[in-house]
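Chain by chain, the residues run as shown.
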Amino acid sequence: MGDRDLTPPDAVIVLFGGNGDLARRKLIPSLWDLHRAGLMPEQWVLIGASRSDMADEAYGEFAREALAEFDREVSADDQDAFTEFASHLRYRGGGFDADDPSRIADAVAEAEQEMGGEPTRLFYLAVPPSAFGPITEGIGAAGLDQRARVVFEKPFGTDAESFAELDDTVRSVLTEEQIYRIDHFLGKETLQNVLALRFANGMFEPVWNRQHIDHIQIDSPESIDIGSRASFYESTGALRDMVVTHLFQVLSIIALEPPVSLDPSPLMDEKRKVFESMSTLRCEDVVFGQYEGYTESEGVAADSTTETFVAARIEIDNWRWAGVPIYLRTGKAMAEKRQTMTLAFKRPPRQMFAAHGLRADAHDHLTLDMAGDQGVTVSFLAKRPGPRLRLGQASMRFSYEQDFGATGGVQLDAYERLLHDALLGDRTLFTRADGIGRTWELVKPILERPPRVLPYARGSWGPEAATELIAPRTWHLPEDHEH
Ligand code: BG6
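Keep in mind it's a predicted model, so treat the numbers as computed, not measured.

(A) Seen up close, the overall build of the protein chain. Scanning the protein chain from terminus to terminus reveals 15 helices and 17 strands. A globule of 483 residues ought to have a C-alpha radius of gyration of about 23 Å, and the protein chain, at 24 Å, matches this closely. Projecting the C-alpha coordinates of the protein chain onto the three principal axes gives extents of approximately 80 × 50 × 45 Å. Split into buried and exposed, the 483 residues of the protein chain put 55% on the buried side. Considering only residue pairs separated by 6 or more positions, the protein chain has 77% of its internal contacts joining residues 24 or more positions apart. Taking the average location of the 50 positive side-chain charges in the protein chain and that of its 78 negative ones, the two points are 8 Å from each other.

As structure tokens, this is what we get:
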């Protein structure tokens, strides 16, 4: 992760789901940004692959439209750069599996011949989990597994059983070193900053434990609804889409013990230990919600009970965290988009300020923002100015933008960082099978007997039951939002 050569070796990238939602929203814009930042290999080809047919030129237009739609409009000055970028793009329609891998195999062979040498083969599976097995078998059947790395989007499986089956299939074709299970939250700058904050400084780690922390919150409300993703979302729901995946991964980084080093293996070992110490989720500790109007969306069944909101209370039963409740919350069509991790500190042992404006639920907090203006906020009680001894809420903030700004080096968003890492062959920020297997075990009771789905208004903070779940504490967002 530290100093390394930033130019990846030559690569043929095959993007399954090449004309899908993720390709448009994140992957093509990320490749464009990496290309503009000079972080792509000297020679590379991207083969977009999907069922429907499209000519190479049309795929270039698809890419141009995706860039325009997702904040990277190609300006008049960028036309030449885009033409150069588009010259790397190819497209192959038709299916791909062990019975019929030839279209992609031929396209890879063609690209390799063009480039010469032995380029890395990077397969990116931006497809639903049910397609992971057949595509991996196709890679094996066509002999494309040589020099290959395969990136699997999340979720890897949909429950403990399908995870185990998928894991077997994938391992029958690939070695663990070739498998890149992505969880893009791990590529977020602020999440990596948790390691820096904790282990590069003397001031945070000594209080990062049950002696000083009252509770932890990991909060990821989203204002968008499911948009055009009904078919994915109906079979996934918020628990699989966000909790078992992103929020558990975030928690593992907050909670882990100091690893022996920041190399992939020691880091993944510590994350696995966190998952092993986590208690299995109980139905009474989980609130499911569904925003009003969800069942009227196109592609959603009128009687759908898919959850678009989850709040959960969990514990990590180890020496550092025993007895510290951890609250997770996420949902679609909520009041605001935020992605925060908050550590709420315990009250001091003796309260001298009760009569001086101290709110009953006041805590001092350390909050890390993973979205928007990423950074860290410390909020605490301070004396208000004036002749009386009255308390008020105060805060101090570190912001990536303000503190590092233009001199801070290349800013990569999560997908850019992880795509670049996969091209470099760095698996540090990817997940390991033992960790994922355990996360599916942790939610098994909830998947088997889900709690009742409670309605909530669009633009709200979810069902009232989520407020009750955390009471007498409150959901905390900095800047005086208390919900
Ligand atoms: C994705 C989920 O993995 O993460 C989406 O499938 C969610 O439902 C998204 O909206 C959030 O990602 P971001 O880009 O806001 O960090």
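(B) Spotlight on the pairing of strand 4 (residues 120–125). When you tally the buried positions in strand 4, you get 6 out of 6 residues, the bulk of the element. Across 6 bridges, the pairing between strand 1 (residues 11–16) and strand 4 is parallel. If you follow isoleucine 13 over to strand 4, its bridge partner there is leucine 122. Where strand 4 meets strand 5 (residues 148–152), 5 bridges bridge the pair, whose relative direction is parallel. Note that in strand 5 the partner of leucine 125 across the bridge is phenylalanine 152. Once the chain exits strand 4 it traverses helix 5 (residues 132–141) before rejoining the sheet at strand 5, and the crossover so formed is right-handed.

(C) Local environment of the packing of aromatic side chains. Summed over all chains, the structure comprises 21 aromatic pairs. Ring-pair connections join several aromatic residues into one group, and the members of that group are Tyr233, Tyr291, Tyr294, Phe309 and Tyr456. The ring of phenylalanine 185 is capped by lysine 188, whose NZ or CZ atom sits 4.6 Å from the centre of that ring.

(D) Structural view of the pattern of salt bridges. All chains considered together, the criterion is met by 40 salt bridges. Arginine 24 is paired through a salt bridge with glutamate 69; the nearest N and O atoms lie 3.0 Å apart. Of the two residues, arginine 24 is situated in helix 1 (residues 21–36) and glutamate 69 in helix 2 (residues 56–69); the sequence distance between them amounts to 45 residues. With relative accessibility at 22%, the residue arginine 24 sits in the partly exposed group. Its relative accessible area of 47% is what places glutamate 69 among the partly exposed residues. We note a salt bridge from lysine 154 to aspartate 241, for which the minimum N-O separation is 2.9 Å. Of this pair, lysine 154 sits in the loop between strand 5 and helix 6 (160–173) while aspartate 241 sits in helix 9 (residues 237–255), and the two are 87 residues apart along the sequence. Overall, the relative accessible area of 14% leaves lysine 154 in the buried class. For aspartate 241, a relative accessible area of 3% corresponds to the buried category. If you follow the salt bridges from partner to partner, you end up with Asp21, Arg24, Arg25, Glu69 and Arg229 in one network.

(E) Representation of the sheet that holds strand 10 (residues 326–331) in the model. The sheet built from 9 strands is open, its strands ordered 14-13-12-11-7-10-9-8-15 with mixed pairing. Both edges of this open sheet fall to strand 14 (391–399) and strand 15 (453–456), since each of them pairs with a single strand only. Recorded for the sheet is a direction-independent mean angle of 20° between the axes of neighbouring strands. Direction of pairing for strand 7 (residues 213–221) relative to strand 11 (residues 340–345): antiparallel, over a ladder of 6 bridges. Among the inter-strand pairings, histidine 215 is bridged to a residue of strand 11, identified as alanine 344. In the packing of helix 7 (residues 189–199) onto the sheet, contacts are made with strand 11, strand 12 (365–369), strand 13 (375–383) and strand 14, and the angle to strand 12 comes to roughly 135°.

(F) Just the UniProt feature "domain: Glucose-6-phosphate dehydrogenase NAD-binding" (unreviewed entry) in the protein chain, in detail. As recorded in UniProt, the feature "domain: Glucose-6-phosphate dehydrogenase NAD-binding" (unreviewed entry) lies at residues 14–193. Along residues 14–193 one finds 45% helix and 15% strand; the C-alpha atoms at either end are 31 Å apart.

(G) Broad picture of the sheet that holds strand 5. The 6 strands are arranged 3-2-1-4-5-6 in an open sheet whose pairing can be described as parallel. Across the chains shown, the open sheet's two edge strands, defined by having one partner strand only, are strand 3 (89–92) and strand 6 (179–181). Strand after strand, the sheet turns through a mean of 20° between neighbouring axes, direction not considered. Looking at chain direction, strand 2 (residues 44–49) and strand 3 are connected through 4 bridges and run parallel. Across the sheet, residue isoleucine 47 finds its bridge partner in strand 3, namely arginine 90.

(H) Broad picture of the packing of helix 1 against helix 2. Running from N to C, helix 1 and helix 2 point in directions that differ by 100°, and their axes come no closer than 9 Å. Viewed along their axes, helix 1 and helix 2 adopt a mutual orientation that is roughly perpendicular. Across from Arg24, Ile28, Pro29 and Trp32 in helix 1, the residues of helix 2 making contact are Tyr59, Phe62, Ala63, Ala66, Leu67 and Glu69. The class makeup of the residues in the contact of helix 1 with helix 2 is 8 nonpolar, no polar and 2 charged.

(I) Region of the structure containing the site of the ligand. The full set close to the ligand counts 13 residues, and Lys188, Glu222, Asp241, Lys332 and Lys337 are the nearest of them. In the environment of the ligand, an oxygen atom lies 2.5 Å from a nitrogen or oxygen atom belonging to the side chain of lysine 188. Lysine 337 has a polar side-chain atom sitting 2.2 Å from an oxygen atom of the ligand. Considered on its own, the ligand offers 400 Å² of accessible surface; in the complex 90% of this is hidden by protein. When residues in the shell around the ligand are grouped by element, the largest group, 3 residues, is from helix 9. Split into classes, the residues belonging to the shell around the ligand amount to 2 nonpolar, 3 polar and 8 charged.

(J) Representation of the environment of glutamate 222 in the model. Within the secondary structure, glutamate 222 is located in the loop between strand 7 and helix 8 (230–234). Here glutamate 222 falls in the buried class, since its relative accessible area comes to 9%. For glutamate 222 and glycine 157, which are 65 residues apart along the polypeptide, the C-alpha to C-alpha distance reads 24 Å. Apart from the residues lying within four places of it in its own chain, the contact partners of glutamate 222 are Met242, Gly331, Lys332, Ala333, Met334, Glu336 and Lys337.

What counts, and where the lines are drawn
Residues numbered from 1 in each chain as written. Predicted model: local features only at pLDDT ≥ 70, side-chain atom pairs only at ≥ 80, totals over all residues. Heavy atoms only, no water. Helix = DSSP H or I, 4+ residues; strand = E, 2+ residues; numbered from the N terminus. Rg over C-alpha atoms; globule rule 2.2 N^0.38 Å. Buried < 20%, exposed > 50% of the residue type's maximum accessible area, 1.4 Å probe, protein only. Contact = heavy atoms within 4.5 Å. Lys, Arg positive; Asp, Glu negative; His and termini not counted. Charge placed at Lys NZ, Arg CZ, Asp CG, Glu CD. Pairing = 2+ DSSP bridges. Right-handed = clockwise from strand over helix to strand, strands pointing away. Phe/Tyr/Trp six-rings, centres within 6.5 Å; stacked < 30°, edge-to-face > 60°. Lys NZ or Arg CZ within 6 Å of the ring centre and 35° of its normal. Salt bridge = Lys/Arg side-chain N within 4 Å of Asp/Glu carboxyl O. Axes fitted to C-alpha atoms, helices over the stretch in contact; angles between N-to-C directions. UniProt positions renumbered as here; feature names shortened; annotations may be inferred. Parallel < 35°, antiparallel > 145°, perpendicular 65-115°, else oblique. Nonpolar A, V, L, I, M, F, W, Y, C, P; charged D, E, K, R; others polar. Near = heavy atom within 4 Å. Polar contact = N/O pair within 3.5 Å; in protein donor to acceptor, adjacent residues only side chain to side chain. Areas by Shrake-Rupley, 256 points an atom, 1.4 Å probe, with all protein chains shown as cover.

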